[in-house]
Amino acid sequence: MRDLSAAHVEAFLEMMSAERGAALNTLEAYRRDLDDASSAIRGLGSTLGSADADTIRTVISDLAARGFSPASQARRLSALRQFYKFLHAEGLRNDDPTGVIESPRKHRSLPKILSTDDVSRLLAQAEADISKARDQTEAAQRIRFRALLELLYATGMRVSELVGLPYRVLAEDGRFLIIRGKGAKERMVPMSRPARIALDAWIAEIGEVAEEAGFLFPANSTEGHLSRQVFARELKEVAARAGLPSAKVSPHVLRHAFASHLLAGGADLRAVQELLGHTDISTTQIYTHVLDERLKQLVSEHHPLAKQQKNRD
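The rules we used
- Residues numbered from 1 in each chain as written.
- Predicted model: local features only at pLDDT ≥ 70, side-chain atom pairs only at ≥ 80, totals over all residues.
- Heavy atoms only, no water.
- Axes fitted to C-alpha atoms, helices over the stretch in contact; angles between N-to-C directions.
- Helix = DSSP H or I, 4+ residues; strand = E, 2+ residues; numbered from the N terminus.
- Parallel < 35°, antiparallel > 145°, perpendicular 65-115°, else oblique.
- Contact = heavy atoms within 4.5 Å.
- Nonpolar A, V, L, I, M, F, W, Y, C, P; charged D, E, K, R; others polar.
- Salt bridge = Lys/Arg side-chain N within 4 Å of Asp/Glu carboxyl O.
- Buried < 20%, exposed > 50% of the residue type's maximum accessible area, 1.4 Å probe, protein only.

Two quantities define a packed helix pair, namely the angle between the helix axes and the distance between the axes. At their nearest, the axes of helix α6 (residues 136-155) and helix α9 (residues 228-241) sit 11 Å apart, and the two run at 95° to each other. By the criterion of interaxial angle, the relationship of α6 to α9 is roughly perpendicular. Where α6 abuts α9, its residues Gln141, Arg142, Arg144, Phe145, Leu148, Leu149 and Leu152 lie against Val230, Phe231, Glu234, Leu235, Val238 and Arg241. Split by residue class, the contact of α6 with α9 holds eight nonpolar, one polar and four charged.

In total, this model carries 18 salt bridges according to the counting rule given. A salt bridge links Arg93 to Asp95; the nearest nitrogen and oxygen atoms lie 3.0 Å apart. On the basis of relative accessible area, Arg93 is assigned to the buried category, the value being 11%. Its relative accessible area of 36% is what places Asp95 among the partly exposed residues. The partner of Asp200 in a salt bridge is Arg196, with the nearest N and O atoms 2.8 Å apart. Pair noted here: Asp200 and Arg196 are both in helix α8 (residues 193-213), with a separation of four residues, about one helical turn. Among the residues examined, Asp200 registers a relative accessible area of 34% and is labelled partly exposed. Connected via shared salt-bridge partners are Asp33, Asp36, Arg75 and Arg76.

Next up, the structure:
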């Protein structure tokens, strides 16, 4: 039988690009993983397009024997899962051989988290810094930083989404931001009142320049907007002035704080997934340690048997 694996891979990558909006780097990662798997499968006397579950299981096990981390093994298996789901959906296979294969267990470290008090100190410091500016240029920079900080904590955006916000990003009523995330997918996130006040102050400061540049945070850069590195540096400087360890604070840590504080306050995991722009709920599940504590508290406070136990105690 003629091996059509290469043609199938190209068709799969074309689908990922056209239908799912996969970025070029993502497509290249899929190609590398599938090419490597194809070579390993050929060494076992089969082909990528016709491999069975035992063959794929052997390929993944071989990665472990060669010292690949569980995360690398899981990524390779994920690429194969997507590929075989595509073949099955297109009628090119009658089965999905990866459906019976368990994912390698990988340890996911808990994200660094700032407490609500830590975030409050950051926000208060950003506010106080404005009045301490030595000149108008420094004042404008600090007004910009306060707007960035308020927006990041209020929405949980990725830092790349934040600094690249287009000028006309607000929904008509001004209560929501429309964010274009990974794969050019748009999502709507609500604006808190402090974030809107901080943003209005920045727009009043920079309005015409931002509108002309097309970005909410314009800068003299290749992209035309503020770089992630500049914002991250300013964030660490403000954290140090607020008495927080600068190594503990980063834009991504604030994104984690947004999600964790929402869940601790009773938000639904699916809602947080939507706000963060995660395609897969499994990505959001890194925050389940927050849910675990809240669920334990709910059970201990509200379950009848738990109440009976307290009364006996």
